[in-house]
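Descriptive structure summary
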Amino acid sequence: MSSENLPQSPAQEPRKPRVAVVFGGRSSEHAISVVTAGAVLRSIDREKYDVLPIGITTDGRWALTADEPDRMTIADRTLPSVESLAESAEGGVVLSVDPGSREVVYSEPGSVPKALGEVDVVFPMLHGPYGEDGTLQGLLELSGVPYVGSGVLASAVGQDKEYMKRVFLSFGLPVGPYEVIRPREWENDPSAARKKIVDFAGEHGWPLFVKPARGGSSMGITKVDDLSGLDAAIEEAQRHDPKILVESLLRGREIECGVLEFEDGPRASVPAEIPPVTAHDFYDFEAKYIDSASGLVPAPLTEEQTAEVRRLAVEAFDAASCEGLVRADFFLLDSGEFVINEINTMPGFTPISMYPRMWQETGVSYPELVDRLIQAALRRPTGLR
C-alpha cells in the first residue's frame, strides 16, 4: 500500500505564543500598574497570542487573576488592586527557575498543584521597586523566560535617579543640579544632612523638589519653597524610599519623548509637551492619573529642537543599555538648552499616558505598539547579550 493511501493525521496548528502579563506589585505604584496592565490586556491581539494575566498583590503573592480589563480602571477616583481581581485569596502562581522549563504552576492550600502550561514571554507591567528596578528581570533571567523591556542593569539604573544621572553625566548628556541624601546621613546626623540641602539651595536657589530616589508616577514628591517645609518633604519622600533626591527648579518647558526598539535599532517618537498645570503645583500624581492633565502631542517645537530632543532620547536609551522601550523626560530651558530629567524603562500605558500617545502621533497605533514590544522580546535571548 502506498503512503498516499494511508490515513492521514490531521495537521496540528502551531501553538500561539503565550504572553504572561504580570502587574500590580509591592510598590506604591501598584494601582497604576493595574490600570496600565488593563489597557495592555485590552489591546493584545488574541488571534495572535494566548494571554495569562498574573497579578502580584501588595504583600508579594503571585495571584491568578480575572482577564477582565474593564475592572482594571480608575473609577470615581477609586484605584484598582490585584486583591480585587484575584481568583482566590490564598492561591499562588509559581514560575519555575529552571531555565529548561517555562511551566507555570498554580496551587491552592490543601490542593494538588495545577499546571497552567508554558509561558513564552512575560510582559511585566510593574512600576517602581520590586518590578521595574531589575528585581523581576533578574528572576526572569534565572528562569530563562524572555520579557518585554530592559534587562537587569538598565532597569536598575532607570529606577535609581542618582545613578541614572551619574550614567548620563559620564556619557556627556546634560543633567540638572541635584543632591542626594542617603538613609545613613539622615539617621546619623539630620542637622548635617539638612545643612547639605540648605547649602545646595544657597547655590541654586529655592524652590527645591524633594523626591524618592527610586520612585515613580510623581509619588512622594514635594515642592519646597523654603526651609520651613523641608522636614515634612523629607518625611513624605522617605515614606516611599529611604534615599532621597533633591533637585533645583529648572525654569523652562517640560518635554517628553518615547523610544521604541525596532528591528534595526531604537527610534524616537515625536515629542510631547506637558503644559503648566494650573490646578497643581507641578505635574504630580493627581494631575497625571486622576485629573487627566493632557499633554500637547506633538510638542510645538522647531524642527531643530524636535531633532535634538529625539537624538538625546535615543542617546539616553543607549547610555543606560536600555531595551524595548523608554520614555525620556526633558526640560527645555529658557536658554534653549535641553536637560534630561529622567528616563522611565516601563512608562505608563494607561489610556491617557504620554508614551502611547506620542507613538500614536508618530504612526504606531496602540495595538501595534504592544505587538512590537512582544515581538522584540521574543527575538531577544535571555542571559548575557
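Keep in mind that this is a model prediction, so the values were computed, not measured.

Right, let's talk about the packing of helix 3 (residues 152–159) against helix 4 (residues 161–170) for a bit. Packing of helix 3 against helix 4 leaves a shortest axis separation of 5 Å and a crossing angle of 110°. Here helix 3 lies roughly perpendicular to helix 4, going by the angle between them. Taking contact as the criterion, the partners of V157, G158 and Q159 in helix 3 are, on helix 4, K161, Y163, M164 and V167. Residue composition of the contact of helix 3 with helix 4, by class: four nonpolar, two polar and one charged.

A few words on the pattern of salt bridges. Oppositely charged side chains may form a pair once their charged atoms are brought near each other. In this structure the tally under the stated criterion is 31 salt bridges. R71 is the salt-bridge partner of E68, the closest N and O atoms lying 3.0 Å from each other. A salt bridge links E308 to R311; the shortest N-O distance between them is 2.8 Å. In this pair, E308 and R311 are both assigned in helix 9 (residues 303–319), three residues apart and thus about one turn of the helix distant.

The subject of this paragraph is the pairing of strand 16 (residues 338–344). Strand residues, when the strand is regular, have side chains that alternate between the two faces of the sheet. Of all seven residues in strand 16, seven are buried; the element is thus mostly enclosed. With antiparallel pairing between neighbouring strands as the criterion, strand 15 (residues 325–333) and strand 16 make up a hairpin whose turn holds four residues, including G336 at a positive phi of roughly 95°.

What follows concerns the pairing of strand 5 (residues 103–107). Side chains V104 and Y106 of strand 5 all project onto a buried face; the interleaved residues E103, V105 and S107 project onto a face where none is buried. As defined by bridge partners, strand 4 (residues 92–95) adjoins strand 5 across four bridges and the pair is classed as antiparallel. Bridging from a neighbouring strand, G92 pairs with S107 of strand 5. Taken together, the four bridges between strand 5 and strand 6 (residues 114–118) define a ladder with antiparallel strand orientation. Paired with E103 across the two strands is E118, which belongs to strand 6. In sequence, strand 5 turns back onto strand 6 through a hairpin of six residues, with G110 there showing a positive phi of about 80°.

Spatially, the three strands line up as an open sheet ordered 4-5-6, and their pairing is antiparallel. Because the sheet does not close on itself, it has two edges, and the strands there are strand 4 and strand 6. Shown here is a sheet whose adjacent strand axes are inclined to one another by a mean of 25°, direction ignored.

Let us look at the sheet that holds strand 9 (residues 208–212). With antiparallel pairing, four strands are arranged side by side in an open sheet as 8-11-9-10. Only two strands of the sheet have a single neighbouring strand rather than two, namely strand 8 (178–181) and strand 10 (222–224). In this sheet, neighbouring strand axes are inclined to one another by 25° on average, regardless of whether the strands run parallel or antiparallel. With three bridges connecting them, strand 9 and strand 10 associate as antiparallel partners. Across the sheet, F209 pairs through a bridge with K223, a residue of strand 10. Strands strand 8, strand 9 and strand 11 (244–248) of the sheet are contacted by helix 4, whose axis makes an angle of about 140° with strand 8. Contacts from helix 6 (residues 190–204) reach strand 8, strand 9 and strand 11 within the one sheet, and its direction differs from that of strand 8 by about 175°.

What follows covers helix 6. The first and last C-alpha atoms of helix 6 sit 21 Å apart over 15 residues, in line with the 21 Å expected at 1.5 Å per residue. Within helix 6, the full set of buried residues consists of A193, I197, F200 and A201. An end-on view of helix 6 places all buried positions within 100° of arc, on one side of the element. Exposed positions of helix 6 whose direction lies more than 90 degrees from the buried face are K195, G202 and E203. If you follow the buried residues of helix 6, they end up packed against strand 8, helix 5 (183–188), strand 9, helix 7 (230–238) and strand 11. One or two positions beyond helix 6, positive phi appears at G205, with a value near 90°.

Quick notes on the rules
Residues numbered from 1 in each chain as written. Predicted model: local features only at pLDDT ≥ 70, side-chain atom pairs only at ≥ 80, totals over all residues. Heavy atoms only, no water. Axes fitted to C-alpha atoms, helices over the stretch in contact; angles between N-to-C directions. Helix = DSSP H or I, 4+ residues; strand = E, 2+ residues; numbered from the N terminus. Parallel < 35°, antiparallel > 145°, perpendicular 65-115°, else oblique. Contact = heavy atoms within 4.5 Å. Nonpolar A, V, L, I, M, F, W, Y, C, P; charged D, E, K, R; others polar. Salt bridge = Lys/Arg side-chain N within 4 Å of Asp/Glu carboxyl O. Buried < 20%, exposed > 50% of the residue type's maximum accessible area, 1.4 Å probe, protein only. Pairing = 2+ DSSP bridges. Expected span 1.5 Å × (residues − 1). Arc of directions from axis to C-beta.

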